[in-house]
Amino acid sequence: MQAEIVILGSGTSMGVPTLGCTCAVCTSTDPRNRRMRPSIAVEWQWEGAPRRVLIDTGPDFREQALRSGVHHVDAVFYTHPHADHILGLDDLRPLSFRHRPNYLPLYADANTARILERVFEYTFSPASQYPTRARVQLFPIDGHDTTQVAGAAFQRVPLQHGNVEVSGFRFGNAAYLTDMKSIPDASLPLLEGLDVMILDALRPQEHPSHANLEEALHWVEVVKPRQAWFTHMSHEIDHEATEATFPPHVRLSYDGLRIPIEI
Ligand SMILES: [Zn+2]
Ligand SMILES: [Zn+2]
């Protein structure tokens, strides 16, 4: 099936511009240097209806949904429980109400689910019964699990983000690998034959839990997708100047970018 990835946000945890900063990127007029917190939507048609999966709902989710016309969501996958990936969960409320009498499914590994349940206690705790809580239901994913959503398969790809194991996702000929420093050997076979790989590329300097530009280029060499797009970028990356240094099959993503894929 034909589908599209929508880059809802291409920025690092602090966003770009970064609060309190007046550097050249933070004050740039190039809209591609304005990066909201990292998230994507995957959109396709199935059984005559538009379908959409989100990967992460960060603190900018509401603005991103308004901007990119996210009026309906079929499922949400979470990569890991850091604030820049989960804090928009509560803004799923109006979209989740439309799933009545069912629930909007959320997929997360055990560690992420545990933290979601704690942070959004009034949403998940049966004891709280807060009347207008999001109608969401958590489902565990683990290892190389594959989850079916509206005719499309989403496979979990374990990644290493500092000392935390996080979830990347493979769907059709594409993969979304945010927040990672390295790809474990056992995950590499899951990434064979990719046309589109979106991956973490934080900044030029090294970082303990994120790939820097050099490491991201290394993973592109290892996985060999036809096209790679960098994401989770900080204000140390100027879009035009940085992209000009890369080969044509390595590009920087930007907020609102749509990438055609097959799922
Ligand atoms: Zn992050
Ligand atoms: Zn993170």
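If you're wondering where the values come from, they're calculated on a predicted model, not measured in any experiment.

Novice: Break down the overall build of the protein chain for me, citing the residues and quoting the values.
Specialist: A tally of regular secondary structure across the protein chain gives seven helices and 14 strands. For 263 residues, the compact-globule formula gives about 18 Å, and the C-alpha radius of gyration of the protein chain, at 18 Å, lands near that figure. Across its three principal axes, the protein chain shows a C-alpha extent of roughly 50 × 40 × 40 Å. Taken across its 263 residues, the protein chain has 56% of its residues classed as buried. Taking as baseline every contact in the protein chain between residues at least 6 positions apart, the subset at least 24 positions apart corresponds to 63%. A total of about 11500 Å² of accessible surface is found on the protein chain, and carbon and sulfur atoms cover 52% of it. Between the centroid of the 23 positive side chains of the protein chain and the centroid of its 32 negative side chains there is a distance of 6 Å.

Novice: Which residues make up helix 6 (residues 213–223), and what values go with them?
Specialist: Turning to helix 6, its buried residues number three or more, namely Leu 213, Glu 215, Ala 216, Trp 219, Val 220 and Val 223. Seen along its axis, helix 6 keeps its buried residues to an arc of 165°; they face one direction. Opposite the buried face of helix 6, at more than 90 degrees from it, the exposed residues are Glu 214 and Glu 221. Of the surrounding secondary structure, the elements contacted by the buried residues of helix 6 are strand 11 (196–200), strand 12 (227–231), helix 7 (239–243) and strand 13 (250–252). Phi turns positive one or two residues past the end of helix 6, at Lys 224, with a value near 55°.

Novice: Please provide a residue-by-residue account of the coordination of the zinc ion (ligand 2), values included.
Specialist: Looking at the zinc ion (ligand 2), the protein donor atoms are His 80 (NE2), His 82 (ND1), His 161 (NE2) and Asp 179 (OD), and they sit 2.3 Å from it. Between the four donor atoms coordinating the zinc ion (ligand 2), the angles at the centre fall across 85 to 172°, so the site counts as irregular. Each donor residue of the zinc ion (ligand 2) belongs to the same chain, and together they define the spacing H-x1-H-x78-H-x17-D. A distance of 3.4 Å spans the gap from the zinc ion (ligand 2) to the zinc ion (ligand 1), which Asp 179 bridges by coordinating each metal. Residue His 80 is located in the loop between strand 4 (75–77) and helix 2 (83–86), and its partner Asp 179 is located in the loop between strand 10 (174–177) and strand 11; the two are separated by 99 residues in the primary sequence. With respect to burial, His 80 and Asp 179 carry one shared label: buried.

Novice: Report on the coordination of the zinc ion (ligand 1), specifying residues and quantitative values.
Specialist: For the zinc ion (ligand 1), the full set of protein donor atoms is Asp 84 (OD), His 85 (NE2), Asp 179 (OD) and His 232 (NE2), at a range of 2.1 to 2.2 Å. Every donor counted, the four donor atoms about the zinc ion (ligand 1) form angles of 90 to 162° at the centre, which fits irregular coordination. Donor residues for the zinc ion (ligand 1) sit on one chain with the sequence pattern D-H-x93-D-x52-H. Assessed through its relative accessible area of 1%, His 232 is described here as buried.

Novice: Tell me about the sheet that holds strand 9 (residues 164–171), residues and numbers included.
Specialist: Spatially, seven strands are ordered 7-8-9-10-11-12-13 in an open sheet, and the strand pairing comes out mixed. Whereas interior strands pair on both sides, the edge strands pair on one side only; in this sheet they are strand 7 (146–149) and strand 13. Each strand of the sheet is rotated relative to its neighbour by a mean of 25°, with strand direction disregarded. With four bridges joining them, strand 7 and strand 8 (residues 152–161) adopt antiparallel strand pairing.

Novice: Describe in detail the UniProt feature "domain: Metallo-beta-lactamase" (unreviewed entry) in the protein chain, supporting the description with residues and values.
Specialist: The UniProt record annotates "domain: Metallo-beta-lactamase" (unreviewed entry) at residues 51–233. For the annotated span residues 51–233, helix accounts for 23% and strand for 30% of the residues, and the straight-line distance between the end C-alpha atoms is 28 Å.

Novice: Mind laying out the layout of surface pockets, listing which residues take part and the relevant values?
Specialist: Roughly 270 Å³ of volume is contained in the largest pocket. Lining of the largest pocket is provided by 16 residues; of these, Val 16, Pro 17, Arg 34, Arg 35 and Met 36 occupy positions nearest its centre. For the lining of the largest pocket, a count of residues per class yields seven nonpolar, two polar and seven charged.

Novice: Please provide a residue-by-residue account of the pattern of salt bridges, values included.
Specialist: On inspection of all chains with the given rule, the structure shows 15 salt bridges. For Glu 4, the salt bridge is made with Arg 258, and the minimal N-O distance between the two is 2.8 Å. Residue Glu 4 is located in strand 1 (residues 2–9), and its partner Arg 258 is located in strand 14 (residues 258–262); the two are separated by 254 residues in the primary sequence. The exposure class of Glu 4 is partly exposed, given its relative accessible area of 28%. On the basis of relative accessibility, which here comes to 36%, the residue Arg 258 falls in the partly exposed class. Glu 240 is paired through a salt bridge with Arg 32; the nearest N and O atoms lie 3.7 Å apart. Highlighted residues: Glu 240 in helix 7 and Arg 32 in the loop between strand 1 and strand 2 (39–46), separated in sequence by 208 residues. Given a relative accessible area of 54%, Glu 240 falls into the exposed group.

Rules behind the numbers
The written sequence of each chain sets the order in which its residues are numbered from 1. All chains are assigned letters beginning at A, and all ligands numbers beginning at 1, according to the order in which they are written. For this predicted model, a pLDDT threshold of at least 70 governs which residues receive local features, and a threshold of 80 or more governs which side-chain atom pairs are given and counted, while totals over whole chains, interfaces and linings are taken from all residues. Note that water and hydrogens are dropped before the side-chain values are worked out from all heavy atoms of the structure. Helix numbering and strand numbering both begin at the N terminus, where a helix is a DSSP run of H or I of at least 4 residues and a strand a DSSP run of E of at least 2. The size measure is the radius of gyration over C-alpha atoms, and the globule rule it meets is 2.2 Å times the number of residues to the 0.38 power. The cut-offs for exposure are 20% and 50% of the maximum accessible area for each residue type, with area from a 1.4 Å probe on protein chains only; residues under the lower value are buried, those over the upper are exposed, and the others partly exposed. Throughout, a residue-residue contact means that at least one pair of heavy atoms, one from each residue, lies within 4.5 Å. Shrake-Rupley sampling with a 1.4 Å probe provides the accessible areas, and residues are treated as covered by the protein chains on show and by no other component. Think of it this way: Lys and Arg go in the positive column, Asp and Glu in the negative one, and His and the chain ends go nowhere. Throughout, a charge is located at the NZ atom of Lys, the CZ atom of Arg, the CG atom of Asp or the CD atom of Glu. Directions drawn from the helix axis to the C-beta atoms are what define this arc. Coordinating N, O and S atoms are those within 2.8 Å of the metal (3.2 Å for Na, K and Ca), and as water is not part of the atoms, a site may appear to have fewer donors than expected. Here a site with four donors is tetrahedral if all angles are between 85 and 135 degrees, and a site with four or six donors is square planar or octahedral if opposite donors are over 155 degrees apart and the other angles are between 65 and 115; anything else gets the irregular label. Pairing between strands is defined by DSSP: at least two bridges between the two strands are required. Under this scheme, a helix contributes an axis fitted over its contacting stretch, all axes are lines through C-alpha atoms, and angles between N-to-C directions fall in the 0 to 180 degree range. UniProt positions are given in the numbering used here, feature names are shortened, and annotations may be inferred rather than shown by experiment. In this analysis the probe radius is 1.4 Å and the grid spacing 1 Å, with only protein atoms considered; a cavity is a set of points the probe fits into but cannot get out of, a pocket is an open set with protein on both sides within 12 Å along at least five of seven lines, and lining residues have an atom within 4 Å of a point. Grid points are joined across faces, edges and corners, and a volume is the space filled by probe spheres set on the points. Charged means Asp, Glu, Lys or Arg here, nonpolar means Ala, Val, Leu, Ile, Met, Phe, Trp, Tyr, Cys or Pro, and polar covers whatever is left, Gly included. In the sections that follow, a salt bridge refers to a side-chain nitrogen of Lys or Arg positioned within 4 Å of a carboxyl oxygen of Asp or Glu.

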